[in-house]
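Results of the structural survey
One letter stands for each residue in the lines below.
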Amino acid sequence: MNCVLIGMPVADGAGRAGADAGPRALRAAGIREALQATGVAVHDRGNLALGEARPEAGAHPNPALKALSEVAAWTAAIADAVSAVPHGQVPVMLGGDHSISMGTLTGLSRRAAAMGRPLFVLWIDAHPDCHTLDTTESGHLHGTPVAYALGVDGFGKAFPAVTQTLAPSHLCMIGLRSIDAAEASLIARLGIEAHAAAALTRQGVAATLEPFLERVRAANGLLHVSFDADAIDPSEAPGVGTPVADGLSLGEARAIMATVRRSGLLASLDLVEVNPFLDRDRRTARLMASLAADAIDARSRDCGNRRASA
């Protein structure tokens, strides 16, 4: 089994410096070595870069929006890079702030469609990131990738058209504890499966995750995991730009990734919002590198290629 590391040094969506150094921090924390130790062949393609030609994003009336053209350009570049990863390889995207998922989710949706399989997404985050360009009040675009990938109205011509949308029923959110009213309304309207961090603690990881994973298996789907470091409690993962108290414990985070590993369904992975400027002794970067290895283990299964059994 082959994993491909792709660095995505983006901080434009976060509103503060540091997340663009996340790929370097994850590499320095030993993510390649951690994956190789599990029996995975790893190819590091380095960091994605924007070309000199950067088309301007279309105008949008929300005056709060920040770095619209920059994030739109990154979205197009990331989607193209991810959609081109060959079948049989497991792309691991090293963020960067969570705006990179505007590109990863749409690119992976295109890739899945080309393979004739549906994409499912496990979104592990303190925030649902369901804002549109219309509803965001902060203007920080790392709060918009899910709505964009779902094809929700509110993006106009500011971003590339989404040719393959993510189905709301193919999305499961875990670790939530900071949800704005507009996001809660969208989650309820679309019927998105969403679990607060406290609910996960009450229900247990297996009881929460297994029904979703069974749906992925039954549909012969490709599972993408998008893991935001701020899903974890700040006491364990301090190196994030938007910390929220009462997050996942280290044990819960590891149990989630171990459950994903045992399922044999993982096809791709985002690791986002590691900010080494805010970290302490590389603690967050090392943790996220370790969690990636918890989810991907060639010795126990064939990642992303197992078909649903008859």
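Every chain is numbered independently, its residues counted from 1 as its sequence is written. Reporting of local features is limited, given that this is a predicted model, to residues whose pLDDT is at least 70; pairs of side-chain atoms are given and counted only at 80 or more, and all residues count toward the totals for whole chains, interfaces and linings. Side-chain measures were taken over the full set of non-hydrogen atoms in the model, leaving aside hydrogen atoms and water.

1. Points about the overall build of the chain
Of the regular secondary structure elements, the chain holds ten helices and eight strands. The C-alpha atoms of the chain give 17 Å as radius of gyration, which agrees with the globular expectation for 310 residues (19 Å, within 12%). Over its C-alpha atoms, taken along the principal directions, the chain stretches across nearly 50 × 45 × 40 Å. Buried residues are those whose accessible area, probed at 1.4 Å on protein chains only, stays under 20% of the maximum for their type, while exposed residues exceed 50% and partly exposed ones sit between those limits. Here the chain, with 310 residues, has 57% of them falling under the buried criterion. The contact rule is simple, with two residues in contact once any of their heavy atoms fall within 4.5 Å. Expressed as a percentage of contacts within the chain between residues at least 6 apart in sequence, the contacts between residues at least 24 apart total 78%. Per element, the accessible surface of the chain, about 11,600 Å² overall, is 51% carbon and sulfur. Looking at charge distribution, the chain has the averaged site of its 27 positive side-chain charges lying 7 Å from that of its 32 negative ones. Helix and strand assignments follow DSSP, with helices taken as H or I runs no shorter than four residues and strands as E runs no shorter than two, numbered in order from the N terminus. Based on C-alpha atoms, the radius of gyration is set beside the globule rule, defined as 2.2 Å times the residue count to the power 0.38. Working definition of accessibility: Shrake-Rupley area with a 1.4 Å probe, residue cover restricted to the visible protein chains. Positive charges come from Lys and Arg, negative ones from Asp and Glu, while His and the chain ends are left out of the count. To locate a charge, take atom NZ for lysine, CZ for arginine, CG for aspartate or CD for glutamate.

2. Describing the pairing of strand E3 (residues 89-95)
Among the seven residues in E3, six count as buried, and that is most of the element. Pairing between strands is defined by DSSP: at least two bridges between them are needed. Across seven bridges, the pairing between strand E1 (residues 2-8) and E3 is parallel. Along E3, the bridge assignment pairs Leu 5 with Val 92. In this structure, E3 lies alongside strand E8 (residues 266-272), joined through three bridges in parallel fashion. Counterpart to Leu 94 in the pairing with E8 is Leu 271.

3. Details of the state of the cysteines
Any cysteine sulfur atom paired with another within 2.5 Å is treated as part of a disulfide. Evaluation of the coordinates by the stated rule reveals zero disulfides. Free cysteine: Cys 130, not disulfide-bonded; nearest cysteine sulfur from Cys 172 at 13 Å. For Cys 172, a relative accessible area of 0% puts it in the buried group.

4. A few points about the pattern of salt bridges
The rule for a salt bridge is simple: a side-chain nitrogen of Lys or Arg has to be within 4 Å of a carboxyl oxygen of Asp or Glu. What the rule picks out here adds up to six salt bridges. Arg 215 serves as the salt-bridge partner of Glu 193, at 3.2 Å between the closest nitrogen and oxygen. Of this pair, Glu 193 sits in strand E6 (residues 193-196) while Arg 215 is found in helix H8 (residues 205-218), placing the two residues 22 residues apart along the sequence. A salt bridge links Asp 294 to Arg 254; its shortest N-O distance comes to 2.5 Å. Placement of the pair is Asp 294 in helix H10 (residues 283-295) and Arg 254 in helix H9 (residues 250-263), with a sequence separation of 40 residues. Residue Asp 294 is classed as buried on the basis of its relative accessible area, which comes to 18%.

5. Description of the packing of aromatic side chains
For this analysis, a ring pair means two rings from Phe, Tyr or Trp (six-membered ring only for Trp) whose centres lie within 6.5 Å, classed as stacked if their planes differ by under 30 degrees, edge-to-face if by over 60, and tilted for the remaining angles. Inspection of every chain in the model, using the stated rule, returns four aromatic pairs. Ring geometry for Phe 120 and Phe 212: centres 6.1 Å apart, planes at 65 degrees, overall edge-to-face. Here Phe 212 lies in helix H8 and Phe 120 lies in strand E4 (residues 119-124), a separation of 92 residues in the sequence. For the pair formed by Phe 120 and Phe 212, the shared burial category is buried. Ring plane angle 90 degrees and centroid distance 6.3 Å describe the contact between Phe 155 and Phe 159, whose orientation is recorded as edge-to-face. Note on accessibility: Phe 155 and Phe 159 belong to one class, buried. One aromatic cluster is present, built from ring pairs that chain together Tyr 148, Phe 155 and Phe 159.

6. Examining unusual backbone geometry
In this chain, Gly 95 is followed by Gly 96 through a cis amide linkage whose omega measures 15 degrees. Even without a glycine there, the phi angle at Asn 220 is positive, about 55 degrees. Tracing the chain through its elements places Asn 220 in the loop between H8 and strand E7 (222-228). A relative accessible area of 13% places Asn 220 in the buried class. One non-glycine residue, Asp 246, lies in the positive phi region at around 65 degrees.

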